[in-house]
Amino acid sequence: MTAVSDRVDLGAAWRSARPEPPPTRFHQVHGANIRVDPSGTRATRVESFAHGVCFSSEPLAPGQVFLVEIEEKELGWCGHLRLGLTALDPATLAAVPEFSLPDLVSLGHTWVFAITRHHNRVPREDRPEAEALVPGRPPALLVEPYLCIEQFRIPRDRLVGRSRPGLYSHLLDQLYELNVLPPTARRSRLGVLFCPRPDGTADMHIVINGEDMGPSARGLPAAQPLYAVVDVFASTKSVRLVQLEYGLPSLQTLCRLVIQKSVVHRLAIDGLHLPKGLKDFCKYE
């Protein structure tokens with residue numbers, strides 16, 4: 001294993017520490033065509049293209065990202081994953097609507113954003129979209145370890161999709177890091193969160209492979225419990241939840257960061273004298 005040239009910034013981790021919310025899980029209430037695995041972290045639509053609406057098992061905390069990774073796609077359908085928030089308690093629904101858009105939204109107190117292959121960014125009045133395209137400016141993903149959304153700082157590490165280990169995985173990983181691949185691609189990671197504002201409302205933000213797409217909805221009731229909505233719709237067949245660390249990073253995560261910085265290619269991890277569990281964690285997470 002080669003020497004590590006960049007040290008993991010423990011000081012930044014300490015400075016960004018905040019209370020750790022509980023792990024995210026899917027709610028037991030979901031669309032008729034959804035099957036949730038026993039761990040509550042994987043949701044699969046088993047037939048058709050609809051009846052794929054899922055919810056978080058608990059309301060989200062402010063700044064908590066409900067993050068999913070696209071695991072399986074299904075050809076032949078038009079449309080993709082949909083993400084959002086609802087102030088409706090899933091347990092009180094008489095029936096889960098067939099679609100999040102427009103059915104669930106029409107029930108009120110629900111905000112849903114349809115993910116497309118392109119044009120998911122919402123222009124901000126205080127930050128023109130062209131600002132992100134200044135020539136010569138390196139992408140924020142490559143220089144900033146934290147994603148800053150309003151008052152929250154979220155470690156980027158787990159927000160970005162990663163390819164399956166293989167001969168060209170190091171090249172594919174760069175495409176995820178640069179957010180070049182379509183957000184609807186397999187292994188892309190997409191999340192939703194809300195940020196409270198001083199006036200008692202909240203903004204809903206969508207995050208795609210480590211990039212904030214801007215406030216996709218405003219005026220949400222910040223004082224009410226807000227559940228995440230994931231519609232496993234059309235060409236998106238299966239998603240899994242990805243857990244984030246908001247407080248101090250675990251020893252396992254710190255080890256993974258050091259190991260990943262010390263090898264050129266993830267396949268090289270197999271040759272290291274490390275426990276198999278740690279090798280798998282470093283290759284796949």
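Residues numbered from 1 in each chain as written. Predicted model: local features only at pLDDT ≥ 70, side-chain atom pairs only at ≥ 80, totals over all residues. Heavy atoms only, no water.

(A) The arrangement of the side chain of N120 in detail. When you line up the elements, N120 lands in the loop between β6 (110-114) and α3 (140-143). Judged by relative accessible area, which is 6%, N120 ranks as buried. Looking at N120, its side chain comes within polar contact range of the main-chain oxygen of T116, at 2.8 Å. Once you skip the residues sitting within four places of it in the chain, N120 turns out to touch F113, A114, I115, P183, I208 and M213. (Helix = DSSP H or I, 4+ residues; strand = E, 2+ residues; numbered from the N terminus. Buried < 20%, exposed > 50% of the residue type's maximum accessible area, 1.4 Å probe, protein only. Polar contact = N/O pair within 3.5 Å; in protein donor to acceptor, adjacent residues only side chain to side chain. Contact = heavy atoms within 4.5 Å.)

(B) Inspection of the packing of aromatic side chains at higher detail. Counted by the stated rule, this structure contains 5 aromatic pairs. Judged by centre distance (5.8 Å) and plane angle (80 degrees), the ring pair of F26 and F66 falls under edge-to-face. One end of the pair, F26, is in the loop between α1 (10-15) and β1 (34-36); the other, F66, is in strand β4 (residues 66-73), with 40 residues separating them in the sequence. Assigned by exposure class, F26 and F66 land together as buried. (Phe/Tyr/Trp six-rings, centres within 6.5 Å; stacked < 30°, edge-to-face > 60°.)

(C) Layout of the sheet that holds strand β3 (residues 53-55). The 4 strands are arranged β3-β12-β5-β6 in an open sheet whose pairing can be described as antiparallel. In this open sheet, the two edge strands, each paired with only one partner strand, are β3 and β6. Strand-to-strand twist across the sheet, computed as the mean angle between neighbouring axes with direction ignored, equals 20 degrees. Where β3 and strand β12 (residues 227-231) come together, 3 bridges link them in antiparallel fashion. Residue C54 lies in a different strand from β12, and its bridge partner there is V230. (Pairing = 2+ DSSP bridges. Axes fitted to C-alpha atoms, helices over the stretch in contact; angles between N-to-C directions.)

That is the geometry; function is a separate question.
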